[in-house]
Amino acid sequence: AASGGAAPVGGGAAAAAAGADSEETRLLRRLENLRGRGDGSGEAATLIALSELWLRGYRRDEALQAAEDAKAAAGAVGDREREAEACRSAVKVLTAKEDLPAAERRVAAERAALGGGGLAEAILSLACADVQLEQGRAKEGQRSAEKALGTSTELGDKKWMASSYEVLTAAMLSSERVDKSLQAADKALALYRELGDIRKEAAILRTVSRAHAAKGDSSNAVKRAQESQALCRELCDHKGEAAALECLAGAHLAKPDGAEEAAAFALKSAKLYKQIGDAPGQVNALQTAVSALLAARESEAAFREAKEALAAARSDGNANLIGTSLELLANIHLQNEMPKKALQVAQEELEHAQEAGDARRQAIVLQKMASVHVANNQPKEGIRRAEEALELAKSTKDKKVEAAACSVIAIHLINQKKFDDAAAAARQAEVLLRELGDVVGRVQALQLVTSAYCENNDHANAIKASWEQHAVYKEVGYKDLEASTLLGVADFLNMAKGAREALKPAQDSKVLFQQLGDKEGEAGALLTIANLQLAVQLPTDGLKSAKESELLSRSVGDVLGQASALQTACN
């Protein structure tokens, strides 16, 4: 009630309805007790725990309400740290709902309201990092996490030090800096063990397993996944155990001959997810099993499990899950050179969606059908299906689905060499995404516009669309993506107009990377500059730029970047 939304979380009836020994029941009882004592900080902490519990169970609306109530309870007693933690919980729910613009706005508003400094600012930096990682901005996420780590270390708060290292682990793994990711994970593990947080320890071990698998170190990947599984069993955390089994599948897939074992573990994971009623987890595990079975050349078994994944997704009613499962099943048919069966599967799924009266689901299925038609050398039929998807998407009033349909049409039109129509469809997607405040989505739509013009050899409009991408990032202050986009503009200008025209955006990119403290990015920009300087007959300047690039690459341990810079210096 204090948050101005639905009624506050945690009535006695809700507690009574839950199982006697469940974690939810314990938390709801604790919440009642704390409210009776007027303990605002304790109430907020319990509501945050409930929000996390409900988010794990896909009860996202309840999780968001719990986070809002936690913020209200903490605000009433002036507990800034709990307010910030409640904001981070709300942001996690919003990112799970795939509403990144709302999550980003929420962090900015809380920062403005709470003011700078202290542990609250560190927690909000982690909330910001959560959003940045979901946006695919791993380096910015890393910088935000490092800022949080610095503050929490200075204040000696081990809980938030551990959380900072956890986010750093994910950020570095996303940017393929696996060794540094493992170093951060070791520190997070040590702190969570000291704090006695077994659930977090198990989660970090799964991340470590994935990191070892990415390195091709299957032995350590298996070991860490097994450790996570054991801890989850100790906690009776069935969802965590299922996730650990899926990690074991990934670890075995890293072996040259581990596909059959990987499939077995993925199927065990899927079975456990099914037992606890976690359809998204079951579908993801089945998709892992299908990949492993295909690698093991067990096509019949792969087909069987793909059908099971689609059935599970259908029973859950999640349109996105249905779309990915349908695509997986159709692709198996296409790989086996059975396009008619692929279309039959898609048609059957469309009929299920029509029976359910779910326009959003129908639109997503029609997009998949369009791709199957194109793969079957039926481009006109593919466009027709994509246009049907767009009309249905419009009826849902869901601009995100409508924008996705426009993008699908643009891709198919590019393949049919209808470049002006493709650019128009991509522009339509960009307008919708602008209205939603989806910055990254807008740029992706503009990239389609650029591709359409490039394929048509319309360099003038392609250059214009490239600069538009840069303008979008500059407008919202995404310096990391602005810098990367400038390098893309430079490459395109070099191709279309020559190296002299490309030098300025490359140099501007270098300045931005320098301001961000991104040595790896700066080294890449300097390498581009060096090659451009060489092309315009400025070898002395080029040599200087190449040497600076090599030094920066060496300082961050980027051996490939160092080698490229030395090769350019030789030239």
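Please refer to the structure higher up on the page.
Thresholds, definitions, all that
- Residues numbered from 1 in each chain as written.
- Predicted model: local features only at pLDDT ≥ 70, side-chain atom pairs only at ≥ 80, totals over all residues.
- Heavy atoms only, no water.
- Helix = DSSP H or I, 4+ residues; strand = E, 2+ residues; numbered from the N terminus.
- Rg over C-alpha atoms; globule rule 2.2 N^0.38 Å.
- Buried < 20%, exposed > 50% of the residue type's maximum accessible area, 1.4 Å probe, protein only.
- Contact = heavy atoms within 4.5 Å.
- Lys, Arg positive; Asp, Glu negative; His and termini not counted.
- Charge placed at Lys NZ, Arg CZ, Asp CG, Glu CD.
- Expected span 1.5 Å × (residues − 1).
- 1 Å grid on protein atoms, 1.4 Å probe; cavity = no way out; pocket = protein on both sides within 12 Å on 5 of 7 lines; lining within 4 Å.
- Points joined across faces, edges and corners; volume = space filled by probe spheres on them.
- Axes fitted to C-alpha atoms, helices over the stretch in contact; angles between N-to-C directions.
- Parallel < 35°, antiparallel > 145°, perpendicular 65-115°, else oblique.
- Left-handed = near helix turned anticlockwise from the far one by under 90°.
- Nonpolar A, V, L, I, M, F, W, Y, C, P; charged D, E, K, R; others polar.
- Disulfide = S-S within 2.5 Å.
- Polar contact = N/O pair within 3.5 Å; in protein donor to acceptor, adjacent residues only side chain to side chain.
- Core = buried A, V, L, I, M, F, W, Y, C linked by side-chain atoms within 4.5 Å.
- Phe/Tyr/Trp six-rings, centres within 6.5 Å; stacked < 30°, edge-to-face > 60°.
- Salt bridge = Lys/Arg side-chain N within 4 Å of Asp/Glu carboxyl O.

Engineer: With reference to specific residues and values, describe the overall build of the protein chain.
Structural biologist: Each helix and strand counted, the protein chain has 29 helices and zero strands in total. Relative to the 2.2 N^0.38 estimate, which gives 25 Å for 571 residues, the radius of gyration of the protein chain is 26 Å and therefore close to what a compact globule would have. Taking the principal axes of the C-alpha coordinates as reference, the protein chain spans close to 75 × 60 × 50 Å. The buried share of the protein chain, reckoned over its 571 residues, is 50%. Sequence separation of at least 24 residues holds for 55% of the intrachain contacts in the protein chain that already meet a minimum separation of 6. Across the protein chain, the mean location of the 72 positive side-chain charges is 1 Å away from that of the 82 negative side-chain charges.

Engineer: So what's going on with helix α12 (residues 218–235)? Which residues, and what values?
Structural biologist: Over its 18 residues, α12 runs 26 Å from end to end, which matches the ideal 26 Å to within 8%, given 1.5 Å per residue. Among the residues of α12, Ser 218, Ala 221, Val 222, Arg 224, Ala 225, Ser 228, Gln 229, Leu 231 and Cys 232 are the ones counted as buried. Buried positions along α12 lie against α10 (178–195), α11 (198–215) and α13 (238–253). Backbone geometry just after α12 places Cys 236 at a positive phi near 55°.

Engineer: Can you lay out empty space enclosed by the protein for me, pointing to particular residues and giving the numbers?
Structural biologist: This model, assessed by the stated rule, comprises one cavity of 30 Å³ or more. Here the largest cavity defines a volume of roughly 50 Å³. Every residue lining the largest cavity is listed: Leu 100, Pro 101, Glu 104, Gln 135, Gly 437, Asp 438, Val 439 and Val 440. For the lining of the largest cavity, the secondary-structure elements that each account for two or more residues are α6 (100–114) and α23 (439–455).

Engineer: Got a sec to walk through the packing of helix α28 (residues 539–555) against helix α29 (residues 559–570)? Specific residues and values, please.
Structural biologist: At a closest axis distance of 8 Å, the pairing of α28 and α29 adopts a crossing angle of 165°. Between α28 and α29, the interaxial angle falls into the category roughly antiparallel. With respect to the hand of their crossing, α28 and α29 are arranged in left-handed fashion. Facing Leu 543, Ala 546, Ser 549, Glu 550, Ser 553 and Arg 554 of α28, the residues of α29 in contact are Gly 561, Gln 562, Ala 565, Leu 566, Thr 568 and Ala 569. Of the residues contributing to the contact of α28 with α29, the split by class is five nonpolar, five polar and two charged.

Engineer: I'd like a description of the environment of Leu 552, backed by residues and values.
Structural biologist: Examined against the element boundaries, Leu 552 turns out to sit in helix α28. Remark: the alpha-carbon pair of Leu 552 and Gly 524, spanning 28 residues in sequence, is separated by 9.3 Å. When residues no more than four places from it in sequence are discounted, the contact partners of Leu 552 are Lys 519, Glu 522, Ala 523 and Leu 526.

Engineer: Summarise the state of the cysteines; cite the residues concerned and give the values.
Structural biologist: Throughout the structure, instances matching the rule amount to zero disulfides. Cys 87 carries a free sulfur, and the closest cysteine sulfur to it, the one in Cys 128, is 10 Å from it.

Engineer: Tell me about the side chain of Thr 169, and please be specific about residues and values.
Structural biologist: Along the polypeptide, Thr 169 turns up in helix α9 (residues 158–174). From its side chain, Thr 169 meets the backbone nitrogen of Ala 185 in a polar contact 3.1 Å long. Residues in contact with Thr 169, not counting those within four places in the same chain, are Ser 181, Ala 184, Ala 185 and Thr 207.

Engineer: Could you give me a rundown of the packing of α23 against helix α24 (residues 459–476), with the residues and numbers involved?
Structural biologist: At a closest axis distance of 8 Å, the pairing of α23 and α24 adopts a crossing angle of 170°. Between α23 and α24, the crossing angle belongs to the class labelled roughly antiparallel. Every residue of α24 that contacts α23 at Val 439, Val 440, Arg 442, Val 443, Leu 446, Gln 447, Val 449, Thr 450, Tyr 453 and Cys 454 is listed here: Asn 461, Ala 462, Ala 465, Ser 466, Glu 468, Gln 469, Val 472, Tyr 473, Glu 475 and Val 476.

Engineer: Kindly report on the nonpolar core, identifying the contributing residues and their values.
Structural biologist: Of all hydrophobic cores here, the largest spans 63 residues; its most connected members are Tyr 165, Leu 168 and Ile 204. Counting residues in each nonpolar core, the second largest holds 44 residues, with Leu 248, Ala 262, Ala 346 and Leu 366 among its members.

Engineer: Please provide a residue-by-residue account of the packing of aromatic side chains, values included.
Structural biologist: The description of two aromatic rings rests on the distance between their centres and on the angle between their planes. Under the counting rule described, the total for this entry stands at one aromatic pair. Measuring from centroid to centroid gives 6.2 Å for Tyr 473 and Tyr 478, while their planes differ by 25°, and the two rings are stacked. Given a relative accessible area of 6%, Tyr 473 falls into the buried group. On the basis of relative accessibility, which here comes to 4%, the residue Tyr 478 falls in the buried class.

Engineer: Go over the pattern of salt bridges, please, and point to the residues and values.
Structural biologist: Under the counting rule described, the total for this entry stands at 47 salt bridges. A salt bridge links Glu 121 to Lys 147; the shortest N-O distance between them is 3.6 Å. You can see Glu 121 sitting in helix α7 (residues 118–134) and its partner Lys 147 sitting in helix α8 (residues 138–155), a full 26 residues away along the chain. Given the relative accessible area of 12%, Glu 121 is considered buried. Lys 274 is the partner of Glu 308 in a salt bridge, and the nearest nitrogen-oxygen pair spans 3.8 Å. Placement of Glu 308 in helix α16 (residues 299–316) and of Lys 274 in helix α14 (residues 259–275) is noted, with a sequence separation of 34 residues between them.

Engineer: I'd like a description of the environment of Arg 500, backed by residues and values.
Structural biologist: Within the secondary structure, Arg 500 is located in helix α26 (residues 499–516). Along the backbone, Arg 500 and Ala 386 are 114 residues apart, and their C-alpha atoms lie at a distance of 42 Å.

Engineer: I'd like a rundown of unusual backbone geometry, residues and numbers included.
Structural biologist: A positive phi angle is found at Cys 236, which is not glycine, with a value near 55°. If you trace the backbone, Cys 236 turns up in the loop between α12 and α13. You can call Cys 236 exposed: its relative accessible area is 57%. The backbone of Arg 297 shows a phi angle near 60°, a positive value even though the residue is not glycine. You can see Arg 297 is positioned in the loop between α15 (279–295) and α16.

Purely geometric stuff here, so don't read any function into it on its own.
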